[in-house]
Amino acid sequence: MSTEVRVPEDLWEEDSEAVITSWLVSEGANVEDGEMIAELMVQKIQHELHAPASGVLTILKDVDDVVSKGDLVATIE
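Residues numbered from 1 in each chain as written. Predicted model: local features only at pLDDT ≥ 70, side-chain atom pairs only at ≥ 80, totals over all residues. Heavy atoms only, no water.

Visitor: Where do I start with the nonpolar core in this structure?
Guide: Across soluble globular proteins, you tend to see nonpolar side chains buried next to one another. Of all hydrophobic cores here, the largest spans 19 residues; its most connected members are Val-5, Trp-23, Val-31, Ile-37, Leu-57, Val-67 and Val-73. Taken together, the elements giving at least two residues each to this core come down to strand S2 (18–23), strand S4 (36–42) and strand S8 (72–76). Discounting chain neighbours no more than four positions away, the residues touching Val-67 are Val-7, Glu-17, Ala-18, Ile-20, Leu-40, Lys-61 and Val-73. (Core = buried A, V, L, I, M, F, W, Y, C linked by side-chain atoms within 4.5 Å. Buried < 20%, exposed > 50% of the residue type's maximum accessible area, 1.4 Å probe, protein only. Helix = DSSP H or I, 4+ residues; strand = E, 2+ residues; numbered from the N terminus. Contact = heavy atoms within 4.5 Å.)

This is the structure:
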């Protein structure tokens, strides 16, 4: 069963969109629960995205993609 990796709803206050600035882990890599896997930029502020579970990462959004709160960006199997 896979675990969804979504942009957190409480990462920033405004309803602004974010940009994925980097994936710190490659597609298909094993990640650990709580590991930092990506960075998001919101209004010139860098935010960290952490793995919500351990397993193999499947990336669904690319670097420079614009995302909103709650958007599905990856899965972990």
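Now, onward.
Visitor: Would you explain unusual backbone geometry in this entry?
Guide: Note: most residues except glycine have negative phi, and most peptide bonds are trans. Located in the positive-phi region is Gln-43, a residue other than glycine, with phi close to 45°. By relative accessible area, Gln-43 is classed as exposed at 51%. We note that Asp-64 has phi near 80°; this positive angle belongs to a residue other than glycine. For Asp-64, the location among the structural elements is in the loop between strand S6 (55–59) and strand S7 (66–67). Using a relative accessible area of 59% as the deciding quantity, one classes Asp-64 as exposed.

Visitor: Please clarify how the sheet that holds strand S3 (residues 30–31) should be interpreted in this entry.
Guide: Pairing between the strands of a sheet is mediated by backbone hydrogen bonds and can be parallel or antiparallel. The antiparallel open sheet is built from four strands, whose spatial order is S1-S8-S6-S3. Of all strands in the sheet, those bounded by a partner on one side alone are strand S1 (3–6) and S3. As paired strands, S3 and S6 are joined by two bridges and run antiparallel to one another. By the bridge assignment for S6, Val-31 is matched with Gly-55. (Pairing = 2+ DSSP bridges.)

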